[in-house]
Amino acid sequence: MYAAVRRYEGVTDPEEAGRRVAEGFVPLLRQVSGFVAYYWIDAGDGVMVSTSVFEEEAGAEESVRRAADFVRDNLASLLPNPPQVTAGHVVATG
């Protein structure tokens, strides 16, 4: 399995961002081959973190591309700063 984690800082409206992600972005991710799971986390203080999990590396890479496009087209005013992106092979689960 592979995962991609994106950390967004300076989020202006976490509740609205969550709504848009749930209604618009999650359905897009479910279409990516090898989709396993997705989590959108409100870490407080204007920080939100997403985690996408896929069976293959290509799915995780595609999730990063789709996230960038979705943020640009639908969330730019709510997520004004580029995310910190970390991706890699999942080596342990629980």
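Residues numbered from 1 in each chain as written. Predicted model: local features only at pLDDT ≥ 70, side-chain atom pairs only at ≥ 80, totals over all residues. Heavy atoms only, no water.

A. Representation of the sheet that holds strand 2 (residues 35-44) within the structure. Taken together, 4 strands build an open sheet; the order of strands is 2-3-1-4 and the sheet is antiparallel. Both outer strands of the open sheet, strand 2 and strand 4 (84-89), are each paired with one neighbouring strand and no more. Direction aside, neighbouring strands of the sheet carry axes that sit 10 degrees apart on average. The pairing of strand 2 with strand 3 (residues 47-54) spans 8 bridges and is classified as antiparallel. Following the sheet pairing, Ala37 is matched in strand 3 by Val53. Against the sheet, helix 1 (residues 14-30) engages strand 1 (2-9), strand 2 and strand 3, with an angle of about 170 degrees to strand 2. Contacts from helix 2 (residues 57-75) reach strand 1, strand 3 and strand 4 within the one sheet, and its direction differs from that of strand 1 by about 25 degrees. (Pairing = 2+ DSSP bridges. Helix = DSSP H or I, 4+ residues; strand = E, 2+ residues; numbered from the N terminus. Axes fitted to C-alpha atoms, helices over the stretch in contact; angles between N-to-C directions. Contact = heavy atoms within 4.5 Å.)

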